[in-house]
Amino acid sequence: MVLTSVEKMVALQKKTSGIRNICILAHVDHGKTTLADCLISSNGIISSRLAGKLRYLDSREDEQIRGITMKSSAISLHFVKGDQEYLINLIDSPGHVDFSSEVSTAVRLCDGCIIVVDAVEGVCPQTQAVLRQAWLENIRPVLVINKIDRLIVELKLTPQEAYLHLKNILEQINAVTGTLFTSKVLEERAEKETESESVSDTAPGDQIYDWSAGLEDTDDSHLYFSPDHGNVVFASAIDGWGFGIEHFAKLYSQKIGIKPAVLLKTLWGDYYLNTKAKKIMKGDQSKGKKPLFVQLVLDNIWSLYEAVMKRDKEKIEKIVTSLGLKIGARESRHADPKVHLNAICSQWLPISDAVLSMVCNKLPSPLDITAERVEKLMCVGARTFDSLPPETQELKSAFMKCSSEGTAPVIVFVSKMFAVDAKALPHNKPRPLTQEEIAHRRELAKRRHAEKLAANRGKEVSEKPPGENSSEVTTNSGDTKGEEQQLTGQVENATSKAVKQEADNKESFIAFARVFSGVVQRGQKIFVLGPKYDPAESLQKLSSQCSATDDLPSVPHMTCCTLENLYLLMGRELEDLEEVPAGNVLGIGGLQDFVLKSATLSTSPACPPFTPLNFEATPIVRVAVEPKHPSDMPQLVRGMKLLNQADPCVEVLIQETGEHVLVTAGEVHLQRCLDDLKERFAKVQISVSAPIIPFRETITRPPKVDMVNEEIGKQQKVAVIHQTKEDQNKIPEGIQVDSDGLVTISTPNKQATLSVRAMPLPEEVTRLLEENSDLIRTMEQLNTSLNEDKKIHEINQKTLDRIKEFKQKLEQNLTGRKWRNAVDQIWSFGPRKCGPNILLYNFEGYKRSVWQCLGNAEKEVSRYRDFDNSIVSGFQLATLSGPMCEEPLMGVCFSVEKWEMNKIGEMLSTSSQDSVECDATEHKDTTLASSCTDEACSANEHKDSSQSVTKSPEKISKPKGEVLLADCYGPFSGQLIATMKEACRYALQAKPQRLMAAMYTCEIMATAEVLGRVYAVLSKREGRVLQEEMKEGTDVFIIKAVLPVAESFGFADEIRKRTSGLASPQLVFSHWEIISSDPFWVPTTEEEYLHFGEKADSENQARKYMNAVRKRKGLYVEEKIVEHAEKQRTLSRNK
């Protein structure tokens, strides 16, 4: 097919009903980019012979080398079907789990997606993940079952077996869709129930529970994939063929004389053809007949493959003539039968026609966007659509119309920024020369030639004895030179400018975006709305009619910018556009200073920012980066800023230690980020640290048995030497620790005493707190605004219901005597006020709850009221870095059992209650003190615990701002923070401490012969196999295991090496798990001595991890540098 011109594409962009925005989603190596190649070759952009080998959309060098896609890239295709013309904006996305963030950015811009599944491997973990992402974004999927040639050539299945195998794959995919659908219906039902409960209070007798759960009433038939619905294509992209069953239904309806509609219904399923009666009958298996699909479709494909593979020339010719195809002599004589096969199949069943016609028939155009999706996009966080301002709600109609009129507001969503080389931009490309320019250059060339000849003559003359004529010649040549310089000067000037520009701006950033409403024009001014922008606030300052060109007051999270360039994305190429109407995907140049990763652009200030993208993978792999030459530091910092902008998932931080840290989603992702940093963004040599592995610290219940499984307390203690020494060192004087772990500690000035106990939280509670961290953050914001008496927006009912549900779940999980009333006494969560640790208050005379946003908050004044923030800040600091290796805590509950304040402390609090200003200063103090006084106070505590300092009453009668008794120990609130932090630390150390390691779930597909090697690698790296199952109909095993992140580096490479590339793992971060061994353990009983020896030098995993982290952070590590201080023996004899 001929190439489509840019003008044709621009014309097609204006016809919204003919646009399809689609992305290709699948597990890694299931054939997405090969399928994309086949679709691109149908437009004449690449040769059909190269489709599948070229991988056109993998434009990066490392993508070509590794053979996997790493960036989602877009291309626009033209497709004609009957008299209808379509513009298909196709986005190819990565399948590797490390790059699942790229899938999220692609899915947001599309209305439909093609799910590709390998016919041999079936549904894999990433297939489920992409189906879920498509479901969350409300986009409609269609299915391509790819690599069917592997069933014929590799697995050598018969057509009947292949049919059963394909049926099985379809069932698996529909099961995934079914679970997503069920969960949605049940959620909606629960919402309806809560609404109806609030409306009607019926008599208890009437409430009969309806078990149907609303699933029977809801129609979900359109969701599932079935060939007779026309949303499944069977294909082999590498051989260039693919078909939907409607193709065969049309073909056979003429031959057999059965209506195509009947054939469509019966070609897939338990139907067979009764040849005598020429009727289609049901129940093929019971009668031992071939199903229609096998008889009419698969048998033909199998016989074609067989003929070509066996080089049966007669049969091939017969097939080719009966199908009416023309095959070139080059293909039929080719040494590789696959080439011949490709030539026949791609003419008989062209894959591009099958896939693109399915896309045009089954996937929606931008006009068919559902109201549900629009509302989901417009509601950020906890707000409902109804709570948005009326001007914002009016925009919904603009979304739904997707109109390209001049009056429609422009709404664009930028899902990511990507870097392109400045040379690739259309205006920097070498353009073809015009006739005048060619003539001008020819003239210049002639002159140069003439000048050279003249110069040569001059040389010949100068070799003769010097005379007058020689000087004449040289002056003459000088004149021509001068003219030539004048002419070429302009050209050189222009080129030098361009070179300068290129040198300044090597990497250009282009925004990957979609127009949801209105027409975007080049040079247009538009608002850029950040993710925290609130239209309700800005509409009070601005009118909804104002535009970005006006002179406007500054509004938080909103800036104005000009759209410098608009581009049509054509894979590796970019084409300039003047304007883009609604419903299209485009590239926008000139936004790099305004947009970091994603943003919403609009001409109306009433437009809300879109819901943030939901990423499946969490960044977990950290490395510290520094330049080889310290003078390159500025380039590295600039390069990291650019990298942060260019990658949706990477995080760039500067830690407190001053290290520059990259946080990435996995090893392959990390490698790609480092390559980009070295070669594209920073262009300097960098040295990279070993991966920084995150740990968490926690406590457990005291164990019942010791390390040799003897019951504790029964055997005779031999050496309590190590243990007692450590216990004495741990706790300094002035701190009392009870036998059950209650720690009592006083502030340095002895004005307040705290008693704190640490308890391990049940696992379910920790998990609950982790899952609901966003909800806890929302609660915190609501509580703060309630405390500051700010008028807050009407709290969304849905959020309140979620908070109530969260509270109920906590109450269900925290049962038993020691957790009585615990949920109501929760004072704060930590670290950062939303972490998986809890602070409880368990003393009299104080009431403050995190649940006050539920409406039961009453302002009460107590003597503790002014300093409670200090206690909370101390708790936040303690949970942020634990005593073992300064890592955050997890799953710990601190209970403040006692808080006593002396008379002066109370006078302090009463005097500070009188003043409002003082309250504010106290708030400042807390924040300042939290950062600076914790170390100072802990140092003071050891020195001055014995000296009690008496306070003179004059100090109290100071101006109100200084009421906080700044004695030699610093402000009182700061002392409380430090004391609380110390108390929490000692309370932790009074209990058995443990480290928690981050764990990956690891899915490995391996054949039976390499299973043993896979297990060997797993056990060497502390992995634990959870299950293994055999995939039906193949010899492939699926192994599910968990593996510590700390041990995962180089794991994938090692498995590939050991199994000769037959097994490749997929690692996804899963959960935190306690390492069972005690990092401080030493042998104390006789049995342990016998078993472990005196030094206990068998490897203690927890201690190894703990010491590694302490070393990295520069903390004290207790280790012997010299084990055996004897004379060193050298190998060479002393002479």
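Within each chain, residue numbers correspond to sequence positions counted from 1 in written order. Since the coordinates come from a predicted model, pLDDT governs what is reported: local features require at least 70, and pairs of side-chain atoms require 80 or more to be given and counted, while whole-chain, interface and lining totals use all residues. Note that water and hydrogens are dropped before the side-chain values are worked out from all heavy atoms of the structure.

Caption draft 1: How the structure looks around the environment of Gln160. Mapped onto the fold, Gln160 is located in helix α7 (residues 159–199). Gln160 sits 139 residues away from Asp299 along the chain, and the two C-alpha atoms are 8.8 Å apart. Contacts are assigned to residue pairs with any non-hydrogen atoms lying within 4.5 Å of each other. With residues up to four places along the chain from it excluded, the contact list for Gln160 reads Lys290, Pro291 and Val294. Strands here are runs of E lasting at least two residues and helices are runs of H or I lasting at least four, both read from the DSSP assignment and numbered beginning at the N terminus.

Caption draft 2: Spotlight on the sheet that holds strand β20 (residues 621–627). Strand order in the open sheet made by the four strands is β21-β22-β20-β23, with antiparallel pairing throughout. Edge positions in the sheet fall to β21 (651–654) and β23 (686–688), since each has one partner strand and no second. Between one strand axis and the next, the sheet turns by 30° as a mean value, whatever way the strands run. Where β20 meets strand β22 (residues 660–664), five bridges bridge the pair, whose relative direction is antiparallel. The residue bridging Val625 from the neighbouring strand is His660, located in β22. Helix α20 (residues 633–646) rests against β20, β21, β22 and β23 of the sheet, and its axis sits at about 25° to β22. Working convention: axes come from line fits to C-alpha atoms, limited for helices to the stretch in contact. Angles between N-to-C directions cover 0 to 180 degrees. Helix-sheet contacts for helix α21 (residues 667–681) involve β20, β22 and β23, and the interaxial angle to β22 is about 135°. For two strands to pair, DSSP has to find at least two bridges joining them.

Caption draft 3: Just the packing of aromatic side chains, in detail. Planes of paired rings set the category: under 30 degrees apart is stacked, over 60 is edge-to-face and the rest tilted, where pairs are Phe, Tyr or Trp rings (Trp by its six-membered ring) whose centres lie within 6.5 Å. For the structure shown, the criterion picks out 29 aromatic pairs. Summarising the aromatic geometry, the rings of Phe413 and Phe610 are spaced 5.2 Å apart at their centres and angled 5° between planes, so their arrangement reads as stacked. Linking Phe413 in strand β10 (residues 411–421) with Phe610 in the loop between β19 (599–602) and β20, this pair joins segments that are 197 residues apart in sequence. On the accessibility criterion, Phe413 (2% relative accessible area) is buried. Relative accessibility decides the category of a residue: with a 1.4 Å probe and only protein chains considered, values under 20% of the type maximum give buried, values over 50% give exposed, and everything between is partly exposed. For Phe610, a relative accessible area of 4% corresponds to the buried category.

Caption draft 4: Representation of the pattern of salt bridges within the structure. In what follows, salt bridge is the name for a side-chain nitrogen of Lys or Arg lying within 4 Å of a carboxyl oxygen of Asp or Glu. Counting across every chain of the model gives 37 salt bridges. Close ionic contact of Lys71 with Glu102 constitutes a salt bridge, the shortest N to O distance being 3.7 Å. Taken together, the positions of Lys71 in the loop between α3 (61–66) and β2 (73–81) and Glu102 in helix α4 (residues 100–108) put the pair 31 residues apart, joining distant regions of the chain. The same class applies to Lys71 as to Glu102, namely buried. Between Arg373 and Asp111 there is a salt bridge whose closest N-O contact spans 3.5 Å. Highlighted residues: Arg373 in helix α15 (residues 371–378) and Asp111 in the loop between α4 and β4 (112–118), separated in sequence by 262 residues.

Caption draft 5: A look at unusual backbone geometry. The linkage connecting Gly830 with the following residue, Pro831, adopts the cis geometry, with an omega of -5°. Secondary-structure assignment places Pro831 in the loop between β28 (826–830) and β29 (837–841). Even without a glycine there, the phi angle at Lys147 is positive, about 60°. Within the secondary structure layout, Lys147 lies in the loop between β5 (140–146) and α6 (149–153).

Caption draft 6: Quick look at the sheet that holds β28. Spatially, six strands are ordered β25-β26-β27-β30-β29-β28 in an open sheet, and the strand pairing comes out mixed. Across the chains shown, the open sheet's two edge strands, defined by having one partner strand only, are β25 (736–737) and β28. Looking at chain direction, strand β27 (residues 752–760) and strand β30 (residues 892–901) are connected through nine bridges and run antiparallel. If you follow Arg757 over to β30, its bridge partner there is Ser895.

Caption draft 7: Representation of α4 within the structure. Among the nine residues of α4, nine are classified as buried, and the element is accordingly described as predominantly covered. Inspection of α4 places Ser100, Ser101, Glu102, Val103, Ser104, Thr105, Ala106, Val107 and Arg108 among the buried residues, and these make up the whole buried set. Here the buried face of α4 lies against β1 (19–26), β3 (84–92), α5 (125–136), α15, β10 and β11 (507–517).

Caption draft 8: Region of interest: the pairing of β27. Most of β27 sits inside the fold, with nine of its nine residues counted as buried. Of the two faces of β27, both are covered, the one formed by Ala752, Leu754, Val756, Ala758 and Pro760 as well as the one formed by Thr753, Ser755, Arg757 and Met759. Examined bridge by bridge, strand β26 (residues 742–746) and β27 share five bridges and lie antiparallel to one another. When the bridges of β27 are listed, Thr744 appears paired with Ser755.

Caption draft 9: Expanded view of the packing of helix α10 (residues 292–309) against helix α11 (residues 313–323). Viewed as axis vectors pointing N to C, α10 and α11 meet at an angle of 135°, and their least axial separation amounts to 8 Å. In terms of orientation, α10 lies oblique with respect to α11. By crossing handedness, the relation of α10 to α11 is classed as left-handed. For the pair α10 and α11, the contacting residues are Ser303, Leu304, Ala307 and Val308 in the first and Lys315, Ile316 and Ile319 in the second. When residue character is reported, Ala, Val, Leu, Ile, Met, Phe, Trp, Tyr, Cys and Pro are called nonpolar, Asp, Glu, Lys and Arg charged, and the others, Gly included, polar. For the contact of α10 with α11, the class distribution of residues is five nonpolar, one polar and one charged. An angle below 35 degrees is read as roughly parallel, one above 145 as roughly antiparallel, one from 65 to 115 as roughly perpendicular, and any other as oblique. Crossings are classed by handedness, with left-handed meaning an anticlockwise turn of the near helix from the far one by less than a right angle and right-handed meaning a clockwise turn.

Purely geometric stuff here, so don't read any function into it on its own.
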